[in-house]
Structures are given as C-alpha cells and as structure tokens.
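Coordinate analysis (summary)
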Amino acid sequence: MRSLSTAQEKIRQRPCCTLRLAEHPSCIEAAVEDPSPRMPWMRTPDLVDGTGGFGWHMVNGLSLTAVVTRGPGGGKTVRALLPR
C-alpha cells in the first residue's frame, strides 16, 4: 500500500499539531495549532504528485467562518466554526 506508507512518512516528517474542539449553542469551534509559520492559501489541489491543496478548500467549504492567527512562537492557529 504505497499511499498508506507515503502518508505515514509525511506524518513522521511533519511536526505535530494540536486539535481543540469547543461547543457553542449554534456551532462547534475547531482550532488546529501547528508550529509551521506557513499560512494556508487557496490553490489548485494536486491530484498527481500529492503535494496537497485540499485542506483550505475543505475548511472554507465546511465552515461558517474560518480565521488564521499567528502564534507567538512562529506557528499558527486555524479556527473554524462548523454548523451543528
């Protein structure tokens, strides 16, 4: 299973992230923190080489709103409000 081993290798190469979930009356807040200073951007998803491009489209398509804030240590937090 080449795709699974490739995914596992990418996970080992990337720094860890933290997921936090919070319940609100009309939505669920999902916050993902990671140490990368690279901000997400809309780009054409790569269906051939596996370089990504899907995440920010999915976040914006599924959420009511999404914001990215830079962290004090150079990382970032992506927060999205998801409808219930």
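See the structure above.
All values derive from a computational prediction rather than experimental measurement. (Residues numbered from 1 in each chain as written. Predicted model: local features only at pLDDT ≥ 70, side-chain atom pairs only at ≥ 80, totals over all residues. Heavy atoms only, no water.)

**As for the overall build of the chain**
Within the chain one finds two helices and four strands. Beginning at the N terminus, the succession of helices and strands in the chain can be written as α-β-β-α-β-β. Per-residue burial for the chain yields a buried fraction of 17% across its 84 residues. Across the chain, contacts joining residues at least 24 apart in sequence account for 40% of those joining residues at least 6 apart. Surface summary for the chain: the accessible area is close to 6,500 Å², and the carbon and sulfur share equals 61%. (Helix = DSSP H or I, 4+ residues; strand = E, 2+ residues; numbered from the N terminus. Buried < 20%, exposed > 50% of the residue type's maximum accessible area, 1.4 Å probe, protein only. Contact = heavy atoms within 4.5 Å. Areas by Shrake-Rupley, 256 points an atom, 1.4 Å probe, with all protein chains shown as cover.)

**Description of the sheet that holds strand β2 (residues 27-34)**
With antiparallel pairing, four strands are arranged side by side in an open sheet as β1-β2-β4-β3. Two strands lie at the open edges of the sheet, namely β1 (18-23) and β3 (65-70), each paired on one side alone. Neighbour-to-neighbour, the strand axes of this sheet turn through a mean angle of 15 degrees, independent of strand direction. Bridge count for β3 against strand β4 (residues 76-83) is six bridges, and the pairing is antiparallel. What sits directly across from Val-68, in β4, is Val-78. (Pairing = 2+ DSSP bridges. Axes fitted to C-alpha atoms, helices over the stretch in contact; angles between N-to-C directions.)

**Comments concerning the environment of Cys-17**
Mapped onto the secondary structure, Cys-17 falls in the loop between α1 (2-13) and β1. Taking the C-alpha atoms as reference points, Cys-17 and Pro-35, 18 residues apart in sequence, are found 7.2 Å from one another. Residues in contact with Cys-17, not counting those within four places in the same chain, are Val-32, Glu-33 and Asp-34.

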